[in-house]
Amino acid sequence: LTCTDKLGRTVAVPLPVNRAVVFQFYELIPALGIADKIVGIGSYAYKNDLMKAAIPDIEETIPCVGHGIDVNIEALLKMEPGLVITWTFKPDSIRFMEQRGLTVIGVSPESLSELYEVIRLHGTLFGKQDRAEACIAEMERTFNLVTEKVSTLPPGKKRKVLYLMGKPTSVAGEAGVGSD
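(A) A look at the sheet that holds strand β4 (residues 38–41). Pairing within the open sheet is parallel, and its four strands lie in the order β4-β3-β7-β8. Two strands in the sheet have a free side with no partner beyond their single neighbour: β4 and β8 (104–107). Neighbouring strand axes in the sheet, compared pairwise and without regard to direction, differ in orientation by 20 degrees on average. Direction of pairing for strand β3 (residues 20–22) relative to β4: parallel, over a ladder of three bridges. Counted as the bridge partner of Val21 is Gly40 from β4.

(B) How the structure looks around the environment of Pro81. With respect to the element layout, Pro81 can be found in the loop between α4 (73–79) and β7 (83–87). Residue Pro81 is classed as buried on the basis of its relative accessible area, which comes to 11%. Taking C-alpha positions, Pro81 is 17 Å from Gly127, a pair spaced 46 residues apart along the chain. In this structure, Pro81 is in contact with Arg19, Ala20, Val21, Val39, Leu76 and Leu102, ignoring residues within four places of it in sequence.

(C) A look at the pattern of salt bridges. Per the stated rule, a full pass over the model turns up nine salt bridges. Put simply, Glu110 and Lys6 hold a salt bridge, and the shortest N to O gap is 3.4 Å. Linking Glu110 in the loop between β8 and α6 (112–125) with Lys6 in the loop between β1 (2–4) and β2 (10–12), this pair joins segments that are 104 residues apart in sequence. Judged by its relative accessible area of 33%, Lys6 falls in the partly exposed class. Of the charged contacts, one joins Glu117 and Arg120 as a salt bridge, the two residues approaching to 3.2 Å between their closest N and O atoms. Highlighted residues: Glu117 and Arg120, both in helix α6, separated by three residues, approximately one helical turn.

(D) The arrangement of the packing of α6 against helix α7 (residues 129–151) in detail. Closest axis-to-axis distance for the α6/α7 pair is 7 Å, and the angle between their directions is 155 degrees. Relative to α7, α6 is oriented roughly antiparallel. The element α6 and its partner α7 pack so that their crossing is right-handed. For the pair α6 and α7, contact is made by Leu112, Leu115, Tyr116, Ile119, Arg120, Gly123 and Thr124 and by Gln129, Ala132, Glu133, Ile136, Met139, Glu140 and Phe143, respectively. Considering only residue class, the contact of α6 with α7 consists of eight nonpolar, three polar and three charged.

(E) How the structure looks around the side chain of Asn48. In this structure, Asn48 sits in the loop between β4 and α2 (49–54). Among the residues examined, Asn48 registers a relative accessible area of 15% and is labelled buried. In this structure Asn48 touches Tyr26 and Glu27, once residues within four positions along its chain are discounted.

(F) Summary view of the packing of aromatic side chains. Counted according to the given criterion, the structure contains one aromatic pair. Over the face of the ring belonging to Phe96 we find Arg100, whose NZ or CZ atom lies 3.5 Å from the ring centre.

(G) Focus on a nonpolar patch on the surface. A grouping of Val146, Val150 and Leu153 is seen on the molecular surface, where their side chains present a nonpolar patch of about 210 Å² in accessible area. The class for Val146 is partly exposed, based on a relative accessible area of 47%.

(H) Representation of α6 in the model. Taking 1.5 Å of rise per residue, 14 residues should cover 20 Å, and α6 covers 20 Å from first to last C-alpha, within 8% of that figure. Every buried residue of α6 is listed here: Leu115, Tyr116, Val118, Ile119, Leu121, His122, Gly123 and Leu125. For α6, the elements touching its buried residues are β1, α1 (28–32), β7, β8 and α7.

What counts, and where the lines are drawn
- All residue numbers refer to position in the chain's written sequence, counted from 1.
- Thresholds applied to this predicted model are a pLDDT of at least 70 for local features of residues and 80 or more for the giving and counting of side-chain atom pairs; totals over whole chains, interfaces and linings are not thresholded and use all residues.
- Only heavy atoms go into the side-chain values, all of them from the structure, while hydrogens and water stay out.
- For two strands to be treated as a pair, DSSP must find at least two bridges joining them.
- Put simply, DSSP H or I for four residues or longer makes a helix, DSSP E for two residues or longer makes a strand, and each gets a number counted from the N terminus.
- Lines fitted to C-alpha atoms define the axes, with helix axes restricted to the stretch in contact, and inter-axis angles between N-to-C directions lie between 0 and 180 degrees.
- Burial status follows relative accessibility: with a 1.4 Å probe on protein chains alone, a residue under 20% of its type maximum counts as buried, one over 50% as exposed, and anything between as partly exposed.
- Any two residues having at least one pair of non-hydrogen atoms within 4.5 Å are treated as being in contact.
- For salt bridges, the criterion is a side-chain nitrogen of Lys or Arg within 4 Å of an Asp or Glu carboxyl oxygen.
- Each angle is binned into one of four classes, with values under 35 degrees roughly parallel, values over 145 roughly antiparallel, values of 65 to 115 roughly perpendicular, and all other values oblique.
- The crossing is said to be left-handed when, going from far helix to near helix, the turn is anticlockwise and less than a right angle, and right-handed when the turn is clockwise.
- Think of it as three bins: nonpolar holds Ala, Val, Leu, Ile, Met, Phe, Trp, Tyr, Cys and Pro, charged holds Asp, Glu, Lys and Arg, and polar takes everything else, Gly as well.
- Put simply, two rings from Phe, Tyr or Trp (the six-membered ring, in Trp's case) pair if the centres are within 6.5 Å, and we call them stacked under 30 degrees between planes, edge-to-face over 60, tilted for the rest.
- Lysine NZ or arginine CZ positioned within 6 Å of the ring centre and within 35 degrees of the ring normal marks a charge as sitting over the ring.
- Within this analysis, patches are made of residues with over 30% relative accessible area and no salt bridge. Like charges are joined at 9 Å or less; nonpolar side chains (Val, Leu, Ile, Met, Phe, Trp, Tyr) at 5 Å or less.
- In this description, accessible areas are obtained by the Shrake-Rupley approach with a 1.4 Å probe, and a residue is regarded as covered only by the protein chains that are shown.
- Any helix carries an expected span of 1.5 Å times its number of residues minus one.

This is how it looks when you write it as structure tokens:
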């Protein structure tokens, strides 16, 4: 597969991907059922409630390789991944990994439509296109349900929402899927 990542780089990935390290969008591991193809993960996955619920023994079964802006390159290289998926926050880190012979895709969706494309990309990379489309369909059903429920509320009755995320808790805003 040849794709263009969020940094505008053309990346060629041999398919199917059977050994990947995931620094970002690790929630797609249980959603797509690809834990058996993941040889390393970013440290933030260990703090994620969804990941702990879906893979209770995650710390014992999927080794940590740092996180997207602080990669343990020695551990990463020992894993011999066929693909690394990471955030584009630190392009120098992506270049550093590439210079060491790793295939790296940088992702950073700024809207729901871009998030859907990231999900579809994961589906294609791991041979789970049907599950990726099912995830997107479920997301759409949920968004439509919320839209339907609030559509009949008069403007004065609609609540404003403050979206909080992370540990420690922070406010999501400006760029990214959270603000979309």
